[in-house]
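Spelled out from the first residue to the last, the chains are:
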Amino acid sequence: MSFIIGQDLAKTYGAGEAAMTALQGVDFSIDKGEFVAVMGPSGSGKSTLLSILGALNSPSRGAFLVDGIDIYQLTSDQRADFRREYLGFVFQSFNLVPYLSLQENVMLPLATQRLAARAKREMAAEALSRVGLSDKLTRLPNQVSGGEQERAAVARALVNRPPILLADEPTGNLDAATSAEVMGLIASLAREGMTVIMVTHSPECAGYASRLLRMRDGRLESDGRTDLAAVCAG
Amino acid sequence: MTLKDIALLNLRRRKAKAGFVLAGLVIGVATLVAMLALTEALTHEINHKLEKYGANILVTPRTESLSLSYEGLSLGGFSFQTNEIRQSELALIHQIKNAGNLAAVGPMVLGVIQVAGREALLAGVDFAALPILKPWWSYAGGEPGADQVLLGSEAARILNLQAGDSLTVKDRRLEVRAVLEPTGSQDDGLVFSRLTTAQELLGKVGLVSMIEVAALCKDCPVDDMVNQIGEKLPEAKVVAIQSVVKGRMEAIGHFQRFGLGVSALVALVGSLVVLVTMMASVKERTAEIGIFRAIGFRRGHVMRVVLLEAGIVSLAAGVIGLGLGLAGAQVALPLFSESHGGAVALNPWLAGGAILLSLAVGLLASLYPALMAARLDPHEALRTL
């Protein structure tokens, strides 16, 4: 049985004439340690799919299972616990809390856990060291560059050592060099056994993945191994 | 990093909003504390006065005529009329049911005398009872002997007499034993002698013009004692001076109720300030709350962050409001106090109550914004990014 399974996932926003279908029966399965890129034009449903995978957005139909757990059969609090234990999020716009230092931002997922303050600090420092920011622990997000903010966001996503990393356009606001740096980091996490699902518009980024899901009009258009040349040809 | 740290750091970042919430609560708490502390200080002052009052029951003869007065109470005809109290009836007062509450019973005979061609009021008193009946009296030397008098300060000035001088009343030579320090009362204009001396000089042997009774505890059943003395002395008029004090206590009661009303209104406005500010804060932090939820915060965790912020600000507001309220009461006390002074005491119940009230108002007013934050759809919240 696959680690992540999506069965007939559909999502419609609104009702009646204003109803807008974002997903129309998507099926997929992802194994542990896979690095999956999700691509597609704007409005194809890839962000909706990612939010469903993030246990943040209930599908209108279908089931989403992780490690055998039917996520949307859980209560709200159980889903929150699932997110904390299983998922790390990296968003396009960094999503660091502006009044917290990088180390405090990275410690956020640990805030609700019964761990000693020192242990939390050490875990955050270790995660920041992993992304090359061990010298900027006390900096506020607006005191570091965009690439460093994104790396801090990656550190926050992995501080809990979750098995799954969800990334939404992780290099959307970065220049090419910094993008490559961040993608190298994410790819290394995948190589270490983390399951990575990444939504991206960038063929270069998708090239780091081992598998590509193409979406169009709320449907899964193709599912296969990545081939950068094919991706770029698009 | 704990939820408390997040709350503290957010407060530090949003100083203006936190300051606004703080100000709303501080004004409410300070008003309440000032009002309560002021009424408490005034009540304490009244109680203190009541205990220091000396005589709080006056027994005077029933009379229809008014000629001279003493302490604002009519002593009609005491010098010329026959309506006086027999001294032997004094013993009856000690037979009342609440005799145990009697601290002192002081007979007084009053009459007009001629001193160096001037009219003066002579008061014969029982000097043994005076320390209780008139505790504010102060004069040098011991109590006057049979042929000695004590002069009120004003009487001494007008009669141009001082301690050691002598005066003659009805051919009896009397020595001025001492001059009373000014009291601000009618006592300043009187000549005092022993009861028996005055009775002899005024021709009222065995008679007294009035009786002052002291029941020195504030919770004494003075009204009952007035009735009991009235039953024993049916020919006399028995008046509780406490009725004057009670009137003032009622005024304080009205002030207290008014103060509580104003405080409740201010607290309501304060809670609305908290509600509106916290709502705005939650709206402003929608994306942040989305992040919290995405990384695994439960609804309860989000709620706790918001309520912790409100709790920290409310606690600070309670302490600051308490201090400001007490200071305000201290400043305002001379405006309301007859003694134009005194100190506002820190009542632990008031202190605890003020802080608890601040916490309760702050937390209750933040409950809805906290619920709103907890119920934010994390997916929608993240879309605001």
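The structure under discussion appears in the preceding block.
Residues numbered from 1 in each chain as written. Chains lettered and ligands numbered in written order. Predicted model: local features only at pLDDT ≥ 70, side-chain atom pairs only at ≥ 80, totals over all residues. Heavy atoms only, no water.

Q: Give a description of a nonpolar patch on the surface that names residues and reports values.
A: On the surface, a nonpolar cluster with roughly 310 Å² of combined accessible area is contributed by Leu265, Leu268 and Leu272 of chain B. Its location among the elements puts leucine 272 of chain B in helix H8 (residues 242–284). (Patch = residues over 30% accessible without salt bridge, like charges linked within 9 Å, V, L, I, M, F, W, Y side chains within 5 Å. Areas by Shrake-Rupley, 256 points an atom, 1.4 Å probe, with all protein chains shown as cover. Salt bridge = Lys/Arg side-chain N within 4 Å of Asp/Glu carboxyl O. Helix = DSSP H or I, 4+ residues; strand = E, 2+ residues; numbered from the N terminus.)

Q: So what about the packing of helix H5 (residues 146–158) of chain A against helix H6 (residues 176–191) of chain A? Which residues, and what values?
A: Residues and elements named next belong to chain A. Between H5 and H6, whose axes approach to 9 Å, the crossing angle comes to 15 degrees. By the criterion of interaxial angle, the relationship of H5 to H6 is roughly parallel. Crossing geometry of H5 relative to H6 is assigned as right-handed. Contacts between H5 and H6 involve Gly147, Glu150, Arg151, Val154 and Leu158 from the former and Thr178, Glu181, Val182, Leu185, Ile186 and Leu189 from the latter. Grouping the amino acids of the contact of H5 with H6 by side-chain chemistry returns 6 nonpolar, 2 polar and 3 charged. (Axes fitted to C-alpha atoms, helices over the stretch in contact; angles between N-to-C directions. Parallel < 35°, antiparallel > 145°, perpendicular 65-115°, else oblique. Left-handed = near helix turned anticlockwise from the far one by under 90°. Contact = heavy atoms within 4.5 Å. Nonpolar A, V, L, I, M, F, W, Y, C, P; charged D, E, K, R; others polar.)

Q: Can you explain the sheet that holds strand E5 (residues 69–70) of chain A? Please cite residues and give values.
A: All names here are of chain A. The antiparallel open sheet is built from 4 strands, whose spatial order is E2-E1-E4-E5. Edge positions in the sheet fall to strand E2 (20–30) and E5, since each has one partner strand and no second. By the bridge criterion, 5 bridges tie strand E1 (residues 4–13) to strand E4 (residues 61–66) in an arrangement that is antiparallel. Its bridge partner lying in E4, isoleucine 4 is registered against valine 66. (Pairing = 2+ DSSP bridges.)

Q: Can you tell me about the interface of chain A and chain B, naming the residues and giving the values?
A: With 27 residues of chain A in contact, the opposing surface of chain B contributes 26 residues. Summing both sides of the interface, chain A and chain B together bury roughly 2,300 Å²; the carbon and sulfur share of this comes to 64%. Here chain A is connected to chain B by 1 salt bridge. For the pair chain A and chain B, the interface holds 6 residue pairs in polar contact (both at pLDDT 80 or more). A per-element tally of the side of chain A that touches chain B places helix H2 (residues 76–86) of chain A first, with 6 residues. Classifying every residue of the side of chain A that touches chain B by side-chain character gives 14 nonpolar, 6 polar and 7 charged. (Buried area = accessible area lost by both parts, 1.4 Å probe. Polar contact = N/O pair within 3.5 Å; in protein donor to acceptor, adjacent residues only side chain to side chain.)

Q: Account for the nonpolar core, naming residues and giving values.
A: The biggest cluster of nonpolar side chains holds 71 residues, and the ones touching the most others in it are Phe35 of chain A together with Ile6 and Phe297 of chain B. Counting residues per element, this core draws most heavily on H6 of chain A, which supplies 7 residues. When near neighbours in sequence (up to four residues on either side) are disregarded, isoleucine 6 of chain B contacts Tyr99, Leu108 and Ala111 of chain A together with Met1, Phe292, Phe297 and Val305 of chain B. Within the second largest apolar cluster, 39 residues are counted, among which are Val149, Ala156, Val176 and Ala215 of chain B. (Core = buried A, V, L, I, M, F, W, Y, C linked by side-chain atoms within 4.5 Å. Buried < 20%, exposed > 50% of the residue type's maximum accessible area, 1.4 Å probe, protein only.)

Q: Run through the sheet that holds strand E10 (residues 190–194) of chain B, naming residues and quoting values.
A: All names here are of chain B. The mixed open sheet is built from 9 strands, whose spatial order is E8-E9-E7-E10-E6-E5-E12-E1-E13. At either end of the open sheet lies a strand with only one pairing partner, and these are strand E8 (166–169) and strand E13 (236–240). Put simply, the sheet's adjacent strands are angled 30 degrees from each other on average, direction ignored. Direction of pairing for strand E6 (residues 118–125) relative to E10: parallel, over a ladder of 5 bridges. Looking at the pairing, glycine 124 lines up with serine 193 of E10.

Q: Any chance you could break down the packing of aromatic side chains for me, citing the residues and the numbers?
A: Residue and element names in this part refer to chain B. Tallied over the full model, the rule gives 4 aromatic pairs over all chains. Geometrically, the ring pair formed by tryptophan 137 and phenylalanine 192 is edge-to-face, given 4.6 Å between the ring centres and 70 degrees between the ring planes. Here phenylalanine 192 lies in strand E10 and tryptophan 137 lies in the loop between helix H4 (130–133) and strand E7 (148–151), a separation of 55 residues in the sequence. Assessed through its relative accessible area of 0%, phenylalanine 192 is described here as buried. With a centroid separation of 4.9 Å and 10 degrees between ring planes, the pair formed by phenylalanine 292 and phenylalanine 297 is classed as stacked. (Phe/Tyr/Trp six-rings, centres within 6.5 Å; stacked < 30°, edge-to-face > 60°.)

Q: Explain the packing of helix H10 (residues 299–336) of chain B against helix H11 (residues 348–374) of chain B to me, using residue names and the numbers behind them.
A: If you want to describe how two helices pack, look at the angle between their axes and the distance between the axes. Residue and element names in this part refer to chain B. At a minimum axis separation of 7 Å, H10 and H11 run at an interaxial angle of 150 degrees. Compared by their axis directions, H10 and H11 come out roughly antiparallel. Two packed elements cross with a definite hand, and for H10 against H11 that hand is right-handed. Class assignment of the residues belonging to the contact of H10 with H11 gives a composition of 20 nonpolar, 6 polar and 1 charged.

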